[in-house]
2 protein chains.
Amino acid sequence: MDHEVVDIAGKLSLFSEHWSPKVVARLNDYEIKVVKVQGEFVWHAHEETDELFLVVHGTLTIQLRDGDVVLRPGQMFVVPRGVEHCPIAEGEVHAVLIEPTGVVNTGNAGGPLTAAYDALL
Amino acid sequence: MDHEVVDIAGKLSLFSEHWSPKVVARLNDYEIKVVKVQGEFVWHAHEETDELFLVVHGTLTIQLRDGDVVLRPGQMFVVPRGVEHCPIAEGEVHAVLIEPTGVVNTGNAGGPLTAAYDALL
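Quick notes on the rules
- Residues numbered from 1 in each chain as written.
- Chains lettered and ligands numbered in written order.
- Predicted model: local features only at pLDDT ≥ 70, side-chain atom pairs only at ≥ 80, totals over all residues.
- Heavy atoms only, no water.
- Least-squares fit on C-alpha atoms with pLDDT ≥ 70 in both.
- Contact = heavy atoms within 4.5 Å.
- Buried area = accessible area lost by both parts, 1.4 Å probe.
- Salt bridge = Lys/Arg side-chain N within 4 Å of Asp/Glu carboxyl O.
- Polar contact = N/O pair within 3.5 Å; in protein donor to acceptor, adjacent residues only side chain to side chain.
- Helix = DSSP H or I, 4+ residues; strand = E, 2+ residues; numbered from the N terminus.
- Buried < 20%, exposed > 50% of the residue type's maximum accessible area, 1.4 Å probe, protein only.
- Pairing = 2+ DSSP bridges.
- UniProt positions renumbered as here; feature names shortened; annotations may be inferred.

A.B. asks: Is there a simple way to think about the relation of the copies chain B and chain A in this case?
C.D. replies: The second copy of the chain is related to the first by a rotation about an axis and a shift along the axis. Rotating chain B by 180 degrees and moving it 0.0 Å along the rotation axis overlays it on chain A with an RMSD of 0.0 Å. The relationship between the two copies is best expressed as a two-fold rotation axis. Looking at the interface residues of chain B, 100% of them are also at the interface in chain A, so both copies use one shared face.

A.B. asks: Sorry if this is basic, but what is going on with the interface of chain B and chain A here?
C.D. replies: Accessible area lost upon the coming together of the parts is a frequently used measure of interface size. At the interface, 34 residues of chain B touch 34 residues of chain A. Here chain B packs against chain A, burying approximately 2,800 Å² in sum over the two surfaces, 65% of which is carbon and sulfur. Contact with chain A buries surface across chain B, with Leu 27, Asn 28 and Met 76 of chain B losing the most and accounting together for 23% of the total. Viewed at the interface, chain A and chain B are joined by 0 salt bridges. Across the contact surface, chain B and chain A share 18 residue pairs in polar contact (both at pLDDT 80 or more). Of all the secondary-structure elements, those providing two or more residues to the side of chain B that touches chain A are β1 (6–7), β2 (22–27), β3 (30–40), β4 (51–57), β6 (67–71), β7 (75–79) and β8 (85–100) of chain B. It is β7 of chain B that contributes the most residues to the side of chain B that touches chain A, 4 residues altogether.

A.B. asks: Explanation requested: the pairing of β7 of chain B in the structure shown.
C.D. replies: A regular strand places its side chains so that they alternate between the two faces of the sheet. Of all 5 residues that make up β7 of chain B, 5 are buried, and the element is covered over most of its length. Pairing geometry for strand β1 (residues 6–7) of chain A and β7 of chain B, over 2 bridges, is antiparallel. Residue pairing across strands places Val 6 of chain A opposite Met 76 of chain B, the latter belonging to β7 of chain B. In terms of strand pairing, β4 of chain B meets β7 of chain B through 4 bridges, oriented antiparallel. Residue Leu 54 of chain B lies in a different strand from β7 of chain B, and its bridge partner there is Met 76 of chain B.

A.B. asks: I tried to follow the UniProt feature "domain: Cupin type-2" (unreviewed entry) in chain A on my own but got confused; where do I start?
C.D. replies: In the UniProt entry, the feature "domain: Cupin type-2" (unreviewed entry) is given for residues 35–98 of chain A. The straight-line gap between the two end C-alpha atoms of residues 35–98 of chain A is 11 Å; of that span, 0% is helix and 66% is strand.

A.B. asks: Mind showing me how you'd approach the pairing of strand β5 (residues 60–64) of chain A here?
C.D. replies: Residue and element names in this part refer to chain A. In terms of burial, β5 is largely enclosed, as 5 of its 5 residues are buried. The two faces of β5 match: Leu 60, Ile 62 and Leu 64 on one face and Thr 61 and Gln 63 on the other face are all buried. Turn length for the β5-strand β6 (residues 67–71) hairpin, with the two strands adjacent in sequence and antiparallel, is 2 residues.

What follows is the structure in C-alpha cells.
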C-alpha cells in the first residue's frame, strides 16, 4: 500500500502557475487540490456542488453577489452549490480546494482560465 | 445567506476535550471536523469510506498494520476505506478530519471513545 504523506507546502513548491489547481490527494470520489492564485478569476458557479476553499498563504477575497468573504491563512469557506463567486487576490495566495472529482474550475463560465487537472501531483 | 468564515484555530480554541471531533463546516454530504487528540486511540476501520487527516498542531502518528505514518503541521494523509488504523500522539495534536456525514469515529470498533457529533460547532 502507498502510504504517501501529503505535505501541502511541499506540493505547492512544485509549480508556479496561477489558477491551475493540482490534485494532491483523493478521498472517495472527492479531490484535494492545491492552487496558487493572484489577480481576479472569473465569475462562475458550480450548479452541482459546494466548493471548499482553505487558505494557507496570503489573503484571498471570494467575491459573492451579496458581499465579499475574506480568507486568511488557516481560514476556510464553503461556497454553496449554485452560488456565483469570483476569487480575487491582490498578492499571491496559496490555497487548498476540496470538491468532487471532475469539477471544472470555471464552473458554468468556461473560457481561457479553464484548467485541466486529472493526475495526482 | 450565511457567509461564515471558519477559522480553524478559533474553532479549536472553543473546546479542550480529546478524541471528540467537532463539525465546523459541511461540504455537500461531507463534514469538516476539528479534533484534539493525545495518547492512543483504538484500532478500527471504516469499511465504507476513506478518511482524511490534516494536522495543524503537534505530531500525529497513524499506526497502520504495515507501518506508521507520521504527520506534522501542514501534512495530510488519507486512510483508505477498510484499512485498520490507530492514531497515537505523545503530545497534544490538533487536526482536521474530513469524511462523509455520519461516520463514527471508532468505526467498526465501538467502545467508550465513540463520540457523538452532529451539530456545527
